[in-house]
Amino acid sequence: MAQEYRLILKYADEPGYTPDIDCYLRHGGYETLKKALAIAPKTVADGKTVSGPEQIRDDVKLSGLRGRGGAGFSCGLKWSFVDRRSGKPIYLICNADESEPGTFKDRQILHKDPHQMIEGMIISCYANDVKLAYIYIRGEFPEGARILNRALAEARAKNFLGKNILGSGYDLEIYVHRGAGAYICGEETGLIESLEGKRAYPRIKPPYFPAVLGLYQCPTIVNNVETLCNVKHIVAMGASEFAKLGTPNNTGTRIVSISGQVKKPGYYEVEVGKATIGQLINEFAGGLLDGRKLKALIPGGSSSKVFKAGEKFKLKKKGPDGMDIETEVEMLDLPYDFDSLMAAGTMSGSGAIIVIDDSTDIVEALANLGEFYAHESCGQCTPCREGSLWMSKVLHRLTHGEGRKQDADYLVKIADNIPGGRTICAFGEACSWPVQSFVAKFKDEFVAKGEADEKRRAAQTSGASATPELKIAASPQSP
Ligand SMILES: Cc1cc2nc3c(=O)[nH]c(=O)nc-3n(C[C@H](O)[C@H](O)[C@H](O)COP(=O)(O)O)c2cc1C
Ligand code: SF4
């Protein structure tokens with residue numbers, strides 16, 4: 001049996017544990033901040049002096065921490081890109097947008113243990129010489145915003161924030177900024193635009209890599225809620241101890257949101273790569289509903305490529321002699337980590353597994369996703385704006401008795417023309433990957449639906465052509 005390993009959610013669900021600062025302090029809260037502020041400069045072999053903040057940055061790099069927001073990029077490496085010589089202020093933004101469908105782990109932290117994230121954020125700000133930071137929280141989380149504002153006021157009152165924090169000479173202020181509710185506000189440059197008071201249009205990269213040109217054209221770090229919590233634990237336990245959690249290159253823990261047709265949907269924290277997808281579904285989430293069979297699984301939030309039940313993949317593993325050995329692994333036996341899922345052609349993304357059983361109409365499921373992406377495209381890039389809406393219209397047609405048997409190929413053709421450097425942000429990939437993978441893996445169902453529609457229409461209009469004139473039904477969200 002795989003076990004949960006609760007590092008970040010250690011106290012969150014304990015009876016009597018509350019989000020107020022007194023409870024947090026009783027559980028050792030803000031002791032890690034004190035430790036961080038007290039790290040003395042040290043002299044290294046070449047006679048160079050390494051400051052306390054620099055030591056924290058080195059530790060975050062050594063810990064192997066990878067971002068929990070979606071891309072799994074090294075946190076320490078991201079911090080090392082920050083332009084520290086520009087003379088401009090450096091900003092840090094906590095991305096609490098949690099907009100990827102299927103994901104509901106950040107809100108657990110925000111609601112149940114906000115001070116843990118705030119402590120991780122203060123330490124991260126100290127490590128990066130940040131004096132002003134923001135928490136960007138989605139508009140749909142009014143309760144989370146209220147809890148955070150209260151927690152920040154409590155932290156300020158105890159001088160964990162504000163001027164001369166705990167007598168260290170370090171000043172920091174953190175503000176909560178509420179979004180108005182749009183998926184694209186989770187994309188870091190769209191988020192920055194929104195924070196600046198503008199429409200959340202993602203910026204063209206380069207030159208707008210936030211570490212160099214971010215908020216107000218200044219160097220900016222954007223990190224996910226869970227990533228920032230991990231920073232606190234890296235400082236508390238030391239980089240090498242942290243790196244022992246999880247598996248090589250996939251260190252620490254991960255909070256996995258599991259939804260869909262399982263008995264116990266919920267969030268489960270596990271060491272990265274120590275539980276397989278099958279264990280997560282069957283042992284943690286209680287398995288599928290009685291009498292149902294697994295049909296498909298979305299492994300990393302709605303934009304990750306879907307798995308078909310029973311799929312097998314060739315993965316490379318290190319043998320005892322350090323040489324790579326290729327092994328065949330069934331989808332449910334894949335370790336749930338960044339690299340294994342990437343090797344299987346998809347991603348663990350925001351750590352959200354959506355289980356789909358054999359009672360589900362796969363075309364309906366994709367139509368649902370397609371409607372979401374068409375609605376959420378910001379509209380700046382033609383392939384994304386037109387492509388997402390077009391795919392949604394074809395899917396709407398297929399699920400409303402107006403399908404054609406060629407629609408499967410048609411969908412792939414549209415999807416193939418959106419990503420691959422044709423768009424400003426990764427939303428282009430995010431809206432194409434579900435279509436490409438659903439159709440590739442369940443093509444027969446798409447074709448069957450189109451054929452059945454054609455036959456029915458032909459029977460209704462006897463004497464008329466089996467393939468009616470191309471007609472795209474307007475989807476409900478058409479702009
Ligand atoms: C369309 C889109 C939506 C995103 N939504 C979120 C989100 O809701 N939360 C998040 O942390 N990252 C989101 N990201 C990823 C962010 O752009 C960014 O990479 C992340 O916040 C960095 O944090 P990390 O390095 O700690 O993972 C999104 C990316 C894209 C392309
Ligand atoms: S890819 Fe889509 S969401 Fe991203 S900037 Fe272009 S139009 Fe907007």
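Residues numbered from 1 in each chain as written. Chains lettered and ligands numbered in written order. Predicted model: local features only at pLDDT ≥ 70, side-chain atom pairs only at ≥ 80, totals over all residues.

**Q** Just checking my understanding: could you explain the site of ligand 1 for this structure?
**A** Inspection of the region around ligand 1 gives 25 residues, with G67, G69, G186, N224 and T227 positioned closest. Breaking the shell around ligand 1 down by element, the ones donating at least two residues are β6 (220-224) and α16 (427-441). Ranked by residues supplied to the shell around ligand 1, first place goes to β6 with three residues. The residue makeup of the shell around ligand 1, split by class, is nine nonpolar, nine polar and seven charged. (Near = placed C-beta within 6 Å. Helix = DSSP H or I, 4+ residues; strand = E, 2+ residues; numbered from the N terminus. Nonpolar A, V, L, I, M, F, W, Y, C, P; charged D, E, K, R; others polar.)

**Q** Would you take a moment to explain the packing of helix α6 (residues 114-127) against helix α7 (residues 142-157) for this structure?
**A** For any two helices packed against each other, the geometry comes down to the angle between their axes and how far apart the axes lie. The N-to-C vectors of α6 and α7 enclose an angle of 60°; their axes lie 10 Å apart at closest approach. As the angle between them shows, α6 and α7 are arranged oblique. When the axes of α6 and α7 are compared, the crossing they make is right-handed. The segment α6 lies against α7, with P114, H115 and I118 engaging I147, L148, A151, L152 and A155. For the contact of α6 with α7, the residue count by class is seven nonpolar, one polar and no charged. (Axes fitted to C-alpha atoms, helices over the stretch in contact; angles between N-to-C directions. Parallel < 35°, antiparallel > 145°, perpendicular 65-115°, else oblique. Left-handed = near helix turned anticlockwise from the far one by under 90°. Contact = placed C-beta atoms within 7 Å.)

**Q** It is not clear to me how the sheet that holds strand β9 (residues 253-260) should be interpreted in this structure. Could you clarify?
**A** Pairing between sheet strands relies on hydrogen bonds along the backbone, with the strands arranged either parallel or antiparallel. The strand order across the open sheet formed by five strands is β10-β9-β15-β11-β12, and the pairing between neighbours is mixed. Looking at strand neighbours, the two that pair on one side only are β10 (266-271) and β12 (307-308), the edges of this open sheet. Relative to strand β15 (residues 352-357), strand β11 (residues 294-298) runs antiparallel, the two being bridged by four bridges. Residue pairing in the sheet places I298 in a bridge with I354 of β15. (Pairing = 2+ DSSP bridges.)

**Q** I would appreciate a short explanation of the site of ligand 2 in the present structure.
**A** The immediate surroundings of ligand 2 are formed by 14 residues, with C378, C381, C384, T423 and C425 found nearest. Broken down by secondary-structure element, the contributors of at least two residues to the shell around ligand 2 are α14 (382-398) and α16. Residues that form the shell around ligand 2 fall into these classes: eight nonpolar, five polar and one charged.

**Q** So what exactly am I meant to see when it comes to the sheet that holds strand β4 (residues 130-137) here?
**A** Spatially, β5-β4-β3-β6 is the arrangement adopted by the four strands of the open sheet, whose pairing is parallel. In this open sheet, the two edge strands, each paired with only one partner strand, are β5 (173-178) and β6. Across the sheet, the mean angle separating the axes of adjacent strands is 20° when strand polarity is ignored. Here six bridges tie β4 to β5, and the two strands are oriented parallel to one another. Looking at β5, one finds that L132 is bridged to E173.

**Q** Is there a simple way to think about the environment of C185 in this case?
**A** Among the structural elements, C185 can be located in the loop between β5 and α8 (188-195). When the 26 C-beta atoms within 10 Å are taken as the criterion, C185 is described as buried. As a C-alpha pair, C185 and I123 span 62 residues in sequence and 25 Å in three-dimensional space. The residues touching C185, leaving out its near neighbours within four places in the chain, are D97, S99, R138, G179, G190, L191, S194 and A200. (Buried ≥ 20, exposed ≤ 12 C-beta atoms within 10 Å, placed from the backbone.)

**Q** What is the right way to look at the domain arrangement of the protein chain in this model?
**A** Where the parts come together, the accessible area they lose is often given as the size of the interface. According to the domain assignment, the protein chain consists of domain 1 (21-244), domain 2 (247-357) and domain 3 (362-460). Between domain 1 and domain 3, the C-alpha centre-to-centre distance is 37 Å. Taken residue by residue, the interface counts 10 residues in domain 1 and eight residues in domain 3. Looking at the side of domain 1 that touches domain 3 residue by residue, the class counts come to eight nonpolar, one polar and one charged. (Domains from an automatic or database assignment.)

**Q** I keep staring at the pairing of β9 and nothing clicks. Help me out?
**A** A regular strand carries its side chains on alternate faces of the sheet. Within β9, seven of the eight residues are buried, which leaves it mostly tucked inside the rest of the structure. Where β9 and β10 come together, six bridges link them in antiparallel fashion. Looking at β10, one finds that I255 is bridged to E269. Bridging between β9 and β15 involves four bridges; their strand directions are parallel. Bridging from a neighbouring strand, S257 pairs with A352 of β15.

**Q** Any chance you could explain the environment of Y183 here in plain terms?
**A** Tracing the sequence through the fold places Y183 in the loop between β5 and α8. Accessibility expressed as a C-beta count within 10 Å gives 23 for Y183, which makes it buried. For the pair Y183 and V82, spaced 101 residues apart in sequence, the C-alpha separation works out to 26 Å. Apart from residues lying up to four places away in sequence, Y183 is in contact with S99 and E376.

**Q** Would you explain the environment of G102 in this entry?
**A** Relative to the elements of secondary structure, G102 occurs in the loop between β3 (90-96) and α5 (106-112). We classify G102 as buried; it has 22 C-beta atoms within 10 Å. Placed 251 residues apart in sequence, G102 and I353 show a C-alpha to C-alpha distance of 6.9 Å.

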